[in-house]
Amino acid sequence: MAKVGKRTKAAREAFAGKENLSVEEAVALIKANANAKFDETVEIAVNLGVDPRHADQMVRGVVGLPNGTGKTMRVAVFARGPKADEAQAAGADIVGAEDLMETIQGGTIEFDRCIATPDMMPIVGRLGKILGPRNLMPNPKVGTVTMDVKAAVEAAKGGEVQFKVEKAGVVHAGVGKASFDEAKLVENVRAFVGAVAKAKPAGAKGAYMKKVSLSSTMGPGVSVDLASATGE
């Protein structure tokens, strides 16, 4: 049996027997036990009653967290000419066209969000097998295929979070850092859950939201009362 460190043991004891907490209680518990040597991310997992293998049960969307993610987003933009200049002026980290495609094909992916103007999609389309599994493929549904490059770059840099349901029907995201004020984390959690609720697909049957859990990068998870998470 693997040896359990003191920090892990203490966190497990602090979380023992606690479930269905209010968002405020869950955030306080996680903050109190997030004592790794780095600023841990507060992560959310929402279990949904959908089967994403069916197109009419796919859940995806985007939400601007009111207090940002605390993470520096590295943004890549596929654009040419004036749109490339606009992307650079807005603060994009990497801007390119065929050259950027070749860099990605070579295995170098130094960005967390990828944006493209519509005319670049024939080039970007060739990268589907690389960008798709990493959830980096530009998509008009979440505003990353757009002519308004400036707004897309600024949104990505300003704390916008994309979400997409995984095969098991779970949506994961980071909703801030453990160093954030409790009230700011609570606000971010409710904004994220609200966005997932709004993204309910036409084909969802029965209970849509089954469970909401919060954890920190290195800590255990705790379930959150659904009514508290949705702010009802």
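What counts and how
Residues numbered from 1 in each chain as written. Predicted model: local features only at pLDDT ≥ 70, side-chain atom pairs only at ≥ 80, totals over all residues. Heavy atoms only, no water. Buried < 20%, exposed > 50% of the residue type's maximum accessible area, 1.4 Å probe, protein only. Helix = DSSP H or I, 4+ residues; strand = E, 2+ residues; numbered from the N terminus. Arc of directions from axis to C-beta. Contact = heavy atoms within 4.5 Å. Pairing = 2+ DSSP bridges. Axes fitted to C-alpha atoms, helices over the stretch in contact; angles between N-to-C directions. Polar contact = N/O pair within 3.5 Å; in protein donor to acceptor, adjacent residues only side chain to side chain. pLDDT = per-residue confidence, 0-100. Phe/Tyr/Trp six-rings, centres within 6.5 Å; stacked < 30°, edge-to-face > 60°. Domains from an automatic or database assignment. Buried area = accessible area lost by both parts, 1.4 Å probe.

### Some remarks on helix α4 (residues 98-105)
Step number 1: Turning to α4, its buried residues are Leu100, Met101 and Ile104. In an axial view of α4, the angular spread of the buried residues amounts to 105 degrees, which keeps them on one side of the axis.
Step number 2: On its buried face, α4 is in contact with β3 (75-78), β4 (94-96), α5 (121-124) and α6 (128-131).
Step number 3: Just past α4, the residue Gly107 takes up positive phi, approximately 100 degrees.

### Some points on the sheet that holds β3
Neighbouring strands of a sheet are bound in pairs by backbone hydrogen bonds; such pairs are parallel or else antiparallel.
Step number 1: Strand order in the open sheet formed by 3 strands is β4-β3-β5, and the pairing between neighbours is parallel. The open sheet has two edge strands with one neighbour each: β4 and β5 (113-116). The mean inter-strand angle of the sheet, taken between neighbouring strand axes irrespective of direction, is 15 degrees.
Step number 2: Across 4 bridges, β3 lies against β5 in parallel orientation.

### Side note on the environment of Tyr208
Step number 1: Tracing the sequence through the fold places Tyr208 in the loop between α8 (182-198) and β8 (209-216).
Step number 2: Exposure remark for Tyr208: the relative accessible area of 7% places this residue in the buried category.
Step number 3: Note: C-alpha distance between Tyr208 and Leu48 (160 residues apart in sequence) is 5.4 Å.
Step number 4: For Tyr208, the contacting residues outside a window of four places in its chain are Asn47, Leu48, Gly49, Val50, Val59, Val196, Ala197, Ala199, Lys200 and Pro201.
Step number 5: A polar side-chain atom of Tyr208 sits 2.8 Å from the main-chain carbonyl oxygen of Val196.

### Considerations on the side chain of Ser213
Step number 1: Along the chain, the position of Ser213 falls in strand β8.
Step number 2: The class of Ser213 is buried, set by a relative accessible area of 16%.
Step number 3: Residues in contact with Ser213, not counting those within four places in the same chain, are Glu43, Ile44, Ala45, Val222 and Ser223.

### Looking at the confidence of the model for the protein
Step number 1: Confidence along the protein averages 92 in pLDDT terms, with 97% of residues attaining 70 or more.
Step number 2: Put simply, helix α1 (residues 6-15) is where the protein has its lowest mean pLDDT, 73, and β3 is where it has its highest, 98.

### A few points about the packing of aromatic side chains
Step number 1: Tallying each qualifying case throughout the model produces 1 aromatic pair.
Step number 2: On the basis of an interplanar angle of 70 degrees and a centroid distance of 5.4 Å, the ring pair of Phe163 and Phe192 is categorised as edge-to-face. On the criterion of sequence distance, the pair formed by Phe163 in strand β6 (residues 160-164) and Phe192 in helix α8 is long-range, its members being 29 residues apart. Assigned by exposure class, Phe163 and Phe192 land together as buried.

### Examining helix α7 (residues 149-157)
Step number 1: When α7 is considered as a whole, its buried residues turn out to be Val149, Ala152, Val153 and Ala156. Looking straight down α7, one finds its buried side chains confined to an arc of 95 degrees; they lie on one side.
Step number 2: Where α7 terminates, the next one or two residues include Gly159, which has phi positive at roughly 105 degrees.

### Side note on the environment of Ala79
Step number 1: In this structure, Ala79 sits in the loop between β3 and α3 (81-90).
Step number 2: According to the relative accessible area criterion, Ala79 is buried, its value standing at 4%.
Step number 3: Those residues in contact with Ala79, other than ones at most four positions away along the chain, are Ala84, Val95, Gly96, Ala97, Thr117 and Met120.

### A look at the sheet that holds strand β9 (residues 221-224)
Step number 1: Spatially, β7-β1-β8-β9 is the arrangement adopted by the 4 strands of the open sheet, whose pairing is antiparallel. One side of each edge strand has no neighbouring strand; the edge strands of this open sheet are β7 (170-177) and β9. For this sheet, the mean inter-axis angle between neighbouring strands, taken without regard to orientation, is 25 degrees.
Step number 2: The pairing of strand β1 (residues 41-48) with β8 spans 7 bridges and is antiparallel. What sits directly across from Glu43, in β8, is Ser215.
Step number 3: Of the strands in this sheet, β1, β7 and β8 are in contact with α8, which crosses β7 at around 155 degrees.

### A look at the domain arrangement of the protein
Step number 1: Its domain assignment divides the protein into domain 1 (17-69 + 160-230) and domain 2 (75-158).
Step number 2: With centres defined by C-alpha atoms, the gap from domain 1 to domain 2 works out at 26 Å.
Step number 3: Here domain 1 and domain 2 share an interface that buries about 830 Å² over both sides, 37% of which is from carbon and sulfur atoms.
Step number 4: Of all residues in domain 1, Arg60, Glu160 and Gln162 give up the largest surface area on contact with domain 2, accounting jointly for 75% of the area buried on that side.

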